[in-house]
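Tertiary structure, described
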Amino acid sequence: MPALRSIRPAVGAVAKNPVLVGVSALFALAQLPDLLVGPAASPELSAAVSALTFGILLLVAPFFQGGLLAMADEALDRKTGLATLVSAGKEHYLPLLVAYLAVLGVSLAFGFLAFVGVLLGVAGNLLSEPSGFLVVPAEDVTLVAVLAIIAVGLFGAYLLVTFLIQFYAHAVVVDDAELVAAFRRSVRVVRSNLGVTLLYTVLLTAGASAFGLLVAVASLSLAPAPAIENAPAWVPTVEVGTAGAVGAGVGVVVVTGVLGALWATYSVAFYRALSDRTPAAGR
């Protein structure tokens, strides 16, 4: 099964090309200020740092995405280097930036619609219950149920769209496809290999979720005061100084570098395996 067979060549490619870890860690380094400042700072400073970090990532992510995928594609066959990162990052920057903005816009649209649905349901419930408790009157049960179904449907539609187009960047970099053709190619590859792609997606989602939870707990557990005072009761907190917080951040960057390199090689190896068995358009 490609989802499992692609693991071994991905690990081997990273082992033979540790430069992939360095490139992935460099991109993760851009998120370090948000990790260190966010938990410990005031809400205003935390929001400003997050906004600045997001803006930087928005501009540099397409470059690193294109370059890293090209390096991963090369590493699966031979040695790769920073020259591939620069050349591929520049070559594919514009289409990947447009695609990134389009995907972000779709995500925001789905999120906004779901938020409005939930907000209307909660607002209607609060208006019906002046005490403020979320007790749904019998006559409002149908409305709340309809809004809940709409919210779940929107979330499901969002997951389906992201599932189908998840390989658009691979199509751009590996197959040198145009932007629209890349989205179509991704949909075609996924639809032709639903079972194995679902397993692949579950594996990646589980790994990403576990790592994200670990990073969140670490950022709260090792954050300088006063963030510890506001941490959830279930998070084990350890009051450390700035050096400890920086050390934790460096550790997160290193681990992110390794996982990012493995993701790049694994995803490219998996895409190549599926692409070889997926007919081209019109066939």
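Everything quoted here is computed from the prediction, not taken from an experiment.

**Thoughts on the layout of surface pockets**
Estimated volume of the largest pocket: approximately 1,900 Å³. Lining the largest pocket are 44 residues, and of these Q65, Y200, L204, A208 and W263 lie nearest its centre. Elements that contribute at least two residues to the lining of the largest pocket include exactly helix 2 (7-16), helix 3 (19-29), helix 5 (43-75), helix 7 (93-128), helix 8 (141-164), helix 9 (168-174), helix 11 (194-221) and helix 12 (242-276). For the lining of the largest pocket, the element with the highest residue contribution is helix 11, accounting for ten residues.

**Details of helix 2**
Those residues of helix 2 that fall on the buried side of the exposure criterion are A10, A13 and V14. Relative to the axis of helix 2, the buried residues are bounded by an arc of 95° and lie together on one face. Away from the buried face of helix 2 by more than 90 degrees, exposed residues R8, A15 and K16 are located.

**Comments concerning the packing of aromatic side chains**
Evaluated as defined, the whole model comprises seven aromatic pairs. Considering the side-chain rings of F167 and Y271, the 5.7 Å spacing of their centres and the 40° angle between planes classify their relative orientation as tilted. In this pair, F167 sits in the loop between helix 8 and helix 9 while Y271 sits in helix 12, placing the two residues 104 residues apart along the sequence. One aromatic cluster is present, formed by F167, Y200, Y266, F270 and Y271 through successive ring pairs.

Reading the values: rules and limits
Residues numbered from 1 in each chain as written. Predicted model: local features only at pLDDT ≥ 70, side-chain atom pairs only at ≥ 80, totals over all residues. Heavy atoms only, no water. 1 Å grid on protein atoms, 1.4 Å probe; cavity = no way out; pocket = protein on both sides within 12 Å on 5 of 7 lines; lining within 4 Å. Points joined across faces, edges and corners; volume = space filled by probe spheres on them. Helix = DSSP H or I, 4+ residues; strand = E, 2+ residues; numbered from the N terminus. Buried < 20%, exposed > 50% of the residue type's maximum accessible area, 1.4 Å probe, protein only. Arc of directions from axis to C-beta. Phe/Tyr/Trp six-rings, centres within 6.5 Å; stacked < 30°, edge-to-face > 60°.

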